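# Structural overview for review
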Amino acid sequence: MFEHLQAAPPDPILGLTEAFNADPRPHKVNLGVGVYQNSEGRTPILEAVKAAEAAVLAREETKNYLPIAGEPAFGKRVEEFLFDTQSPDTARTAQTPGGTGALRVAADLLAEICRERTIWVSDPTWPNHKGIFAAAGFAVKSYPYYEPATHGVAFERLAEKLNRMSTDDIVILHLCCHNPTGADFTSEQWKTVADIAAHRGWFPVFDAAYIGFGEGWEPDRAPLRFFLDAGLEFCVAVSFSKNFGLYRERAGALTLIGASKSAADAAFSWLKRVIRVTYSNPPAHGGAIVRTILEDSLLRDVWRRELTDMCGRIHAMREQFCTLLQAQLPDRDFSFMVRQRGMFSFSGLQPDHVEWLRTERAIYMTQDGRINVAGLTPANLPCVCDSIVQAIRCLSL
């Protein structure tokens, strides 16, 4: 069965981590994988998570299966997390194995009911978007998103493309902290996108992997209101890996919004069919931690402070990163790094720079020059900046 196989190419992000782990150089720095690190270079367990986990273990009485869509109470907490107390009665939520699991069951659900449609993803986007929806049988195409000249959103070209789409199209939208560019829509641009979706009739799917890492919990989720107010149906794939630090627990959710309660119920019944033949029912532990924190006002306040601190550390690293690079390369403009949001910065480094940094300085980042700003620390920042400056100077000769 396997004799004829050649090794599959490594994942562009996780494969980079494998190469980093195999590198024996003690001064190596991993700026590739999207994992938060504190100022000591560790990925911490949040205090709110520790307290919630202790409470979960203390009251746990069984290891029996969860329902197919997970705990209903968890689903309600997720809807409040996304929409506050004004959660619509047309929302239905399934607990999933992480945000990737949420995207995959969304893809399979949509394939069950509208396989002939086209999926549109931003150019560029998280590489796994294309793989997930292609694996579900969709044709995947790209809409313009990033403008290299300004290091921002190419909004006019993007809006023009969205205005040419039809009711047969499905559009993947990054809710906040765009991966890989860090360039987000303004509030006014979000309103325009919602108006276009309402006018043209295409179906939005939101990837909400970084709520709280951009401008804060409330501002980051706010764009969803534009689509609710426009009366649109849509899906939201939620990850709790970053904002709760639950990477290995695979805690996520898929929330769908129907045009009516009956439409939402019908879609949810099909969603449960998809889950049943995919992983049958979700893991319990991470979801129980999230639910415990969101239900307890004291724990929720602790979590919000920790989330604010993580967001603040990332932004501080952005500012210091920009300042150090600007001081050594005054003829280049790095101010875009401060304007970008979330964990990632599309640095403008070219593949030859990336290769030089990995080979000569043991600094790892994705081939497109995406930098995980959360991987920068006070200890490694000067070396990283000096190395980037050296790469730019060496390869510009």
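Structure: see above.
As the structure is a prediction and not an experimental result, all values here were calculated from the model.

## What to know about the packing of aromatic side chains
Here a ring pair, both rings aromatic, is described through the centre-centre distance and the interplanar angle of the planes. The tally for this structure, following the rule as stated, stands at 21 aromatic pairs. Plain terms: the ring middles of Tyr36 and Phe213 are 6.3 Å apart, the flat faces sit at 75 degrees to each other, and that makes the pair edge-to-face. With Tyr36 in the loop between strand E1 (29-30) and helix H2 (47-59) and Phe213 in the loop between strand E8 (203-208) and helix H8 (217-221), this residue pair connects regions lying 177 residues apart in the sequence. Both rings, one in Phe206 and one in Phe227, keep their centres 4.8 Å apart while their planes meet at 85 degrees; by these two values the pair is edge-to-face. Highlighted residues: Phe206 in strand E8 and Phe227 in helix H9 (residues 223-229), separated in sequence by 21 residues. When its relative accessible area of 0% is taken as the criterion, Phe227 is described as buried. An aromatic cluster is built from Tyr145, Phe155, Phe185, Trp190, Phe206, Phe227 and Phe234, whose rings are joined through pairwise contacts. Stacked on the ring of Phe20, the Lys or Arg Lys28 has its end atom at 4.7 Å from the ring centre. Arg370 extends its terminal NZ or CZ atom over the ring of Phe344, reaching a point 3.8 Å from the ring centre.

## Focus: the sheet that holds strand E9 (residues 234-239)
Pairing is mixed in the open sheet, where seven strands are placed in the order E2-E10-E9-E8-E7-E3-E4. Each edge of the open sheet is held by one strand with a lone partner, namely strand E2 (91-97) and strand E4 (139-144). Looking at each pair of strands side by side, their axes are set apart by 25 degrees on average, direction ignored. Bridge count for E2 against strand E10 (residues 251-257) is seven bridges, and the pairing is antiparallel. The residue of E10 that forms the bridge with Ala94 is Leu254.

## What to know about helix H14 (residues 351-361)
Of all the positions in H14, only His353, Val354, Trp356, Leu357 and Arg358 are classed as buried. Where H14 is buried, its residues touch helix H1 (14-22), strand E12 (363-364) and helix H15 (381-395). Immediately downstream of H14, the backbone of Ala362 shows phi near 60 degrees, a positive value.

## Focus: the pairing of E10
A large share of E10 lies buried, amounting to seven of its seven residues. Burial of the side chains of E10 extends over both faces: Ala251, Ala253, Thr255 and Ile257 are buried on one face and Gly252, Leu254 and Leu256 on the other. Of the strand pairs in this sheet, E9 and E10 are connected by six bridges, and their pairing is antiparallel. Paired with Val238 across the strands is Ala253, a residue of E10.

## Things to note about the nonpolar core
In terms of nonpolar packing, the biggest core is built from 128 residues, with Phe81, Phe227, Phe234, Trp303 and Phe321 touching the most fellow members. The contact partners of Phe227, leaving out residues within four places of it in the chain, are Leu173, Trp190, Val193, Ala194, Ala197, Pro204, Phe206, Leu232 and Phe234.

## Looking at the side chain of Asp169
Examined against the element boundaries, Asp169 turns out to sit in strand E7 (residues 169-174). Among buried Asp, Glu, Lys and Arg side chains, Asp169 stands out as unpaired, with Lys141 the closest opposite charge at 7.2 Å. Setting aside chain neighbours within four positions, we find Asp169 in contact with Arg117, Thr118, Trp120, Trp202 and Phe203.

Reading the values: the criteria
- Residues numbered from 1 in each chain as written.
- Predicted model: local features only at pLDDT ≥ 70, side-chain atom pairs only at ≥ 80, totals over all residues.
- Heavy atoms only, no water.
- Phe/Tyr/Trp six-rings, centres within 6.5 Å; stacked < 30°, edge-to-face > 60°.
- Helix = DSSP H or I, 4+ residues; strand = E, 2+ residues; numbered from the N terminus.
- Buried < 20%, exposed > 50% of the residue type's maximum accessible area, 1.4 Å probe, protein only.
- Lys NZ or Arg CZ within 6 Å of the ring centre and 35° of its normal.
- Pairing = 2+ DSSP bridges.
- Axes fitted to C-alpha atoms, helices over the stretch in contact; angles between N-to-C directions.
- Contact = heavy atoms within 4.5 Å.
- Core = buried A, V, L, I, M, F, W, Y, C linked by side-chain atoms within 4.5 Å.
- Lys, Arg positive; Asp, Glu negative; His and termini not counted.
- Salt bridge = Lys/Arg side-chain N within 4 Å of Asp/Glu carboxyl O.

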